[in-house]
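Notes for the structure review
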Amino acid sequence: QVQLAESGGGLVQPGGSLRLSCAASGGIFTVNTMGWYRQAPGKQRELVATRSTGITEIYADSVKGRFSIFRDGAKNTVDLQMNSLKPEDTAVYYCIADLHGWGPDYFFWGQGTQVTVSP
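Residues numbered from 1 in each chain as written. Predicted model: local features only at pLDDT ≥ 70, side-chain atom pairs only at ≥ 80, totals over all residues. Heavy atoms only, no water.

Inspection of every chain in the model, using the stated rule, returns five aromatic pairs. Ring centres 5.4 Å apart and planes at 75 degrees place the aromatic pair Tyr37 and Trp109 in the edge-to-face group. Taken together, the positions of Tyr37 in strand S4 (residues 33–39) and Trp109 in strand S10 (residues 108–109) put the pair 72 residues apart, joining distant regions of the chain. One cation-aromatic arrangement involves Arg45 over Tyr94; the distance from NZ or CZ to the ring centre is 3.6 Å. A cation sits over an aromatic face here: Arg45 above Trp109, 4.6 Å from the ring centre. (Phe/Tyr/Trp six-rings, centres within 6.5 Å; stacked < 30°, edge-to-face > 60°. Helix = DSSP H or I, 4+ residues; strand = E, 2+ residues; numbered from the N terminus. Lys NZ or Arg CZ within 6 Å of the ring centre and 35° of its normal.)

Ranked by size, the top nonpolar core spans 28 residues in total, and within it Met34, Trp36, Leu80, Met82 and Tyr93 carry the most contacts. Filtering out sequence-adjacent residues up to four positions away, Leu80 remains in contact with Leu18, Arg19, Leu20, Trp36, Val48, Ala49, Phe67, Ser68, Ile69 and Tyr93. (Core = buried A, V, L, I, M, F, W, Y, C linked by side-chain atoms within 4.5 Å. Buried < 20%, exposed > 50% of the residue type's maximum accessible area, 1.4 Å probe, protein only. Contact = heavy atoms within 4.5 Å.)

Attention shifts here to the state of the cysteines. Throughout the structure, instances matching the rule amount to one disulfide. Covalently, Cys22 is tied to Cys95 through a disulfide, its sulfur atoms 2.0 Å apart. The chirality of the disulfide connecting Cys22 with Cys95 is left-handed, given an S-S dihedral of about -80 degrees. You can see Cys22 sitting in strand S3 (residues 18–25) and its partner Cys95 sitting in strand S9 (residues 91–98), a full 73 residues away along the chain. You'll find Cys22 and Cys95 in the same group, each marked buried. (Disulfide = S-S within 2.5 Å.)

Turning next to the pattern of salt bridges. As enumerated under the stated definition, the model contains six salt bridges in all. The partner of Asp89 in a salt bridge is Arg38, and the shortest N-O contact between them spans 3.0 Å. Pair noted here: Asp89 is in the loop between strand S8 (77–82) and S9 and Arg38 is in strand S4, with a separation of 51 residues, a long-range link. Using a relative accessible area of 0% as the deciding quantity, one classes Asp89 as buried. The buried category is assigned to Arg38, whose relative accessible area is 5%. Residues Asp89 and Arg66 are paired through a salt bridge, measuring 2.7 Å at the closest nitrogen-oxygen approach. Linking Asp89 in the loop between S8 and S9 with Arg66 in the loop between strand S6 (57–59) and strand S7 (67–72), this pair joins segments that are 23 residues apart in sequence. Connected via shared salt-bridge partners are Arg38, Glu46, Arg66 and Asp89. (Salt bridge = Lys/Arg side-chain N within 4 Å of Asp/Glu carboxyl O.)

This is the structure:
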């Protein structure tokens with residue numbers, strides 16, 4: 001069983017920064033893709049940032065230039081550094097892991113961590 005442990009969520013003012021961390025465990029040897037999705041109230045989950053084996057990175061247009069993803073493939077961890085946060089970044093953020101690169105239907109999901117950006 002793959003488990004994803006998330007940390008780092010919280011309350012931050014607009015313009016502030018926050019760093020989310022996630023570690024995958026469960027006896028796995030490799031993970032093709034790790035990253036972060038988010039879901040705001042009344043909205044569907046959306047991709048924030050992912051990094052696949054190697055150096056392939058994908059960012060949502062809304063976070064480009066503000067968020068950065070850092071992945072340690074050997075330890076199966078992934079961090080999301082969030083800078084210049086905006087109120088519209090408020091959401092539950094979910095760590096994801098895709099063991100084989102098969103896509104969202106095969107993701108493992110973390111429990112979610114709340115990020116609130118408010119004055």
